[in-house]
Amino acid sequence: MRTRGVNPVIAGVLAVVVIVAASVWRTWDTGVNGDIMYVLGGLRAARDGGVPFDEIFVARPFAYKCWIAALDAVRAVFVGDPSSLAAMRVVRLTAYVVVLAVCAVLHRGLRRHVGQLPAVGAATAAAVGLLLSPRFNFLEPDWTAALAAVLAGGLLLCFADERVACLLGGIALWLTVAMKLSTAVFAGVTVILVFLIARRRAVGGAIVGAVVSVGWYVLSRLLQPLEWRWFADQAALVHDSPIHHAPRAADFADLTQAVLNAALMSPIVVGGVAAAALFVVRPTERRQRRERLLVALVCVGLAVASGFAQGEWFLYHFSDLAILAAVVWGFALGAADRFELTALLAAPLVSGLVVAALVPSFQGHDRPRYWTLIVVTVLAATVPAIVFWRRGPTGRSTAGRSAATLAALAAGVAFVAGMTTARPDVPLTIVGYDGRRSSAPTPESVAAHLESQQRAGERIGARTPVLYLAYGATVYAFPNPTPCPYPSPQWVQRTALWAQVQTYWSFRDNLSCLTDKRARYMVRSTSWFDLAKMPPQIRALVAEQFDCSKQLRPAPAGLQICPRRR
């Protein structure tokens, strides 16, 4: 049956244009988060200091470093100053272009197999989930792996020749592994979802992905031993995560809190819960409903497994939840009748608007308001799910009758839901397990911060090599190169927290930077690298190598810049 009203493709394109325009507007008010600044600045400073690319440690795998370096290479074409708000904007805009290309591939692939409306809904919602990710998720390894998973799904379905589809899709599945080993489970989610649509392609892609991943593992072990030394030490550093002990009740409590926080910050997760319930209850046969329930539980389990295994409960470790929810939600919208459409759209909208209303008024650890948000979020997710469950099987959907303007409506509501926590005027965000929030930086504060540190670097000579004893965002702001492979000295700094770090190979390698005479100045963050908390040997080594009686004055707030002793 033909749809009435606006062509869904045109509606979808218009909706995407609105989303992209809003996202572009947002780039002028926010840069990238501190972790991304760390990678960008660390790679640049160390490479300028003569360190080979594959020997630079920025606490991220090699494939991810290549991805960020590629974005920075595009930035260099348009913006010469690598340490500016304009540079951050170009990096974000470049990533937006990649997201749109990936979602176009997803749309093309789904359209071949499930029809136009579900394809438009899923691809548009995926764009929403990726483009409107909270600032602390955007471009992180987990977000990038989720982007690769979306690409893999699109490629597996996109080509008429199954062999080409399996080859390219399998390579994209490998990317989810290469971006971060813990995100390998994202490939499993993609394979399961594709299996529901095209079984042979899913199996073929999984086989190719597994073969490529094994080959990559063997080659990287042989050619990049540093990567695996760092990986072993990184895993040991998170010594209290579930990968080091049997899961405990406290781990599951932290997981629950992290997932709820992810739903608060990306209300599209709420829509995904309702969509999953609809997926489960729609078949008329009980056996099919049981099978779908199992599929839904396995996909959700895999989606949270990465964050659970890492055990640090950073919200970006759960970036994939919003992307998975967006795809499922958008697909469901494309196959919904009028009643289902209303419930699916209402769920994220209600949650998002309540978050938008209450988050700006948070004062410190505002537990009552925080738990109010939690209750609203849970109700917004579960009430539609319960309604669908009680309504019972509906058999085949009646998508063609009421979904003519579906894409524009769905994307518009998703945009509202996403922007509730992405808008600069909302003082971001809930970042901890207990309702903490941090203020979003303004363009003025970011620009002033970068300028003060750039000027300090220029006062000692912009090309003067330095040793950074500071978090990576500081390295990003300074123009100075470093001869140290550890532009931000994670391993030395962590000795203030855990004495056992001094037994790691990475610590010993990092410590050697302190005696490298090529670094003529030390740039130290007095809070992040607090000498009073360091072991005596490190305090003595810093005092022996650098003369802080001659430190640069005035220096940027929170920094100490000292020349090396002659």
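The rules we used
- Residues numbered from 1 in each chain as written.
- Predicted model: local features only at pLDDT ≥ 70, side-chain atom pairs only at ≥ 80, totals over all residues.
- Heavy atoms only, no water.
- Helix = DSSP H or I, 4+ residues; strand = E, 2+ residues; numbered from the N terminus.
- Buried < 20%, exposed > 50% of the residue type's maximum accessible area, 1.4 Å probe, protein only.
- Contact = heavy atoms within 4.5 Å.
- Areas by Shrake-Rupley, 256 points an atom, 1.4 Å probe, with all protein chains shown as cover.
- Arc of directions from axis to C-beta.
- Phe/Tyr/Trp six-rings, centres within 6.5 Å; stacked < 30°, edge-to-face > 60°.
- Lys NZ or Arg CZ within 6 Å of the ring centre and 35° of its normal.
- 1 Å grid on protein atoms, 1.4 Å probe; cavity = no way out; pocket = protein on both sides within 12 Å on 5 of 7 lines; lining within 4 Å.
- Points joined across faces, edges and corners; volume = space filled by probe spheres on them.
- Nonpolar A, V, L, I, M, F, W, Y, C, P; charged D, E, K, R; others polar.
- Axes fitted to C-alpha atoms, helices over the stretch in contact; angles between N-to-C directions.
- Parallel < 35°, antiparallel > 145°, perpendicular 65-115°, else oblique.
- Left-handed = near helix turned anticlockwise from the far one by under 90°.
- Pairing = 2+ DSSP bridges.
- Disulfide = S-S within 2.5 Å.
- Salt bridge = Lys/Arg side-chain N within 4 Å of Asp/Glu carboxyl O.

How do you make sense of the overall build of the protein chain when you look at a structure like this?
Across its full length, the protein chain carries 23 helices and 3 strands. Each of the 566 residues in the protein chain was classed as buried or not, and the buried ones make up 55%. Taking the contacts inside the protein chain whose residues are at least 6 apart along the sequence as the reference set, 75% of them involve residues at least 24 apart. Surface accessibility of the protein chain: about 23200 Å² in total, with carbon and sulfur atoms responsible for 64%.

What exactly am I supposed to notice about helix H23 (residues 536-545) here?
Note on helix geometry: an α-helix contains 3.6 residues per turn, so any two residues three or four positions apart are oriented the same way. Every buried residue of H23 is accounted for by Ile538, Leu541, Val542 and Gln545. Along the axis of H23, the buried positions cluster into a sector of 95°, meaning they face one direction only. Pointing more than 90 degrees away from the buried face of H23 are the exposed residues Pro536 and Glu544. Those residues of H23 that are buried are in contact with strand E1 (466-469), helix H21 (490-493), helix H22 (505-511), strand E2 (521-525) and strand E3 (559-563).

I would appreciate a short explanation of the packing of aromatic side chains in the present structure.
For any pair of aromatic rings, the description rests on two quantities: the centre-to-centre distance and the angle between the ring planes. The full count for this structure, using the stated rule, is 19 aromatic pairs. Judged by centre distance (5.5 Å) and plane angle (40°), the ring pair of Phe57 and Tyr486 falls under tilted. With Phe57 in the loop between helix H2 (34-48) and helix H3 (62-78) and Tyr486 in the loop between helix H20 (472-477) and H21, this residue pair connects regions lying 429 residues apart in the sequence. According to the relative accessible area criterion, Tyr486 is buried, its value standing at 1%. Among the aromatic residues, ring-to-ring pairing joins Phe57, Trp230, Tyr486, Trp491 and Tyr504 into one connected group. Note that Arg229 overlies the ring of Trp505, its terminal NZ or CZ placed 4.5 Å from the centroid.

Could you clarify how one ought to interpret empty space enclosed by the protein in this entry?
To find the voids left in a structure, one rolls a probe of water-molecule size over its atoms. Counting across every chain of the model gives 3 cavities of 30 Å³ or more. Of the volumes computed, that of the second largest cavity is approximately 50 Å³. Around the second largest cavity, the lining residues are Pro134, Phe136, Asn137, Ala262, Met265, Ser266, Val269, Leu315, Phe318, Ser319, Leu321 and Ala322. The element that contributes the greatest number of residues to the lining of the second largest cavity is helix H14 (residues 319-333), accounting for 3 residues. Classifying every residue of the lining of the second largest cavity gives 9 nonpolar, 3 polar and no charged.

Sorry if this is basic, but what is going on with the packing of helix H6 (residues 141-158) against H14 here?
When two helices pack together, their arrangement is captured by the angle between the axes and the distance separating the axes. The interhelical angle for the contact between H6 and H14, taken along N-to-C directions, is 30°, at an axis separation of 8 Å. As the angle between them shows, H6 and H14 are arranged roughly parallel. Like other packed secondary-structure pairs, H6 and H14 cross with a definite hand, here right-handed. Packed against H6, whose contacting residues are Asp142, Trp143, Ala146 and Val150, the element H14 presents Ser319, Asp320 and Ile323 at the interface. Residue composition of the contact of H6 with H14, by class: 4 nonpolar, 1 polar and 2 charged.

I keep staring at the sheet that holds E3 and nothing clicks. Help me out?
Remark on secondary structure: sheet strands pair via backbone hydrogen bonds, oriented parallel or antiparallel. The strand order across the open sheet built from 3 strands is E1-E2-E3, with neighbouring strands paired in mixed fashion. Edge strands, defined here as strands with exactly one partner in the open sheet, are E1 and E3. Neighbour-to-neighbour, the strand axes of this sheet turn through a mean angle of 15°, independent of strand direction. In this sheet, E3 lies alongside E2 in antiparallel orientation, the contact comprising 5 bridges. Each residue of the ladder has a partner; that of Tyr521, found in E3, is Pro563.

How do you make sense of the state of the cysteines when you look at a structure like this?
Two cysteines form a disulfide when their sulfur atoms are joined by a covalent bond. By the definition in use, this model includes 2 disulfides. Note on cysteine connectivity: Cys484 is disulfide-linked to Cys513, with sulfurs 2.1 Å apart. Here Cys484 and Cys513 share a disulfide; its torsion about the S-S bond, 80°, makes the bridge right-handed. Highlighted residues: Cys484 in the loop between H20 and H21 and Cys513 in the loop between H22 and E2, separated in sequence by 29 residues. Paired by a disulfide, Cys548 and Cys562 hold their sulfur atoms 2.1 Å apart.

Help me understand the packing of helix H12 (residues 268-281) against helix H15 (residues 338-358) in this model?
It is the contact of H12 with H15, at a shortest axis distance of 7 Å, that shows an interaxial angle of 150°. As judged from the angle between their axes, H12 and H15 are roughly antiparallel. When you trace H12 past H15, the crossing you get is right-handed. Residues Ile268, Val270, Gly271, Ala274, Ala275 and Leu278 of H12 pack against Glu340, Leu344, Ala347, Pro348 and Ser351 of H15. The class makeup of the residues in the contact of H12 with H15 is 8 nonpolar, 2 polar and 1 charged.

Would you mind showing me how to read the pairing of E3 here?
One face of the sheet, then the other: side chains in a regular strand alternate in exactly this way. The buried fraction of E3 is high, at 5 of 5 residues. Here E3 shows a buried face lined by Leu559, Ile561 and Pro563 and a second buried face lined by Gln560 and Cys562.

For this particular structure, what's the right way to read the pattern of salt bridges?
Two side chains of opposite charge can pair, provided their charged atoms sit close to one another. This structure, assessed with the given rule, holds 15 salt bridges. Put simply, Arg60 and Asp35 hold a salt bridge, and the shortest N to O gap is 3.5 Å. Here the residue Arg60 occupies a position in the loop between H2 and H3, and Asp35 occupies one in helix H2, the gap between them amounting to 25 residues. Judged by its relative accessible area of 15%, Arg60 falls in the buried class. Where Arg518 meets Asp516, a salt bridge forms, and the shortest distance between an N and an O atom there is 2.7 Å.

Even after reading the chapter, I still don't get unusual backbone geometry, so can you show me in this structure?
What you tend to see is this: most non-glycine residues have negative phi, and most peptide bonds are trans. Here the amide bond leading from Arg553 into Pro554 is cis, since omega sits at -10°, within 30 degrees of zero. Within the element layout of this structure, Pro554 appears in the loop between H23 and E3. Phi is positive for Ala59, close to 60°, though the residue is something other than glycine. Among the structural elements, Ala59 can be located in the loop between H2 and H3. Residue classification places Ala59 among the buried residues on the basis of a relative accessible area of 16%. Within the chain, Leu139 stands out as a residue other than glycine whose phi angle is a positive 75°. In this structure, Leu139 sits in the loop between helix H5 (116-131) and H6.

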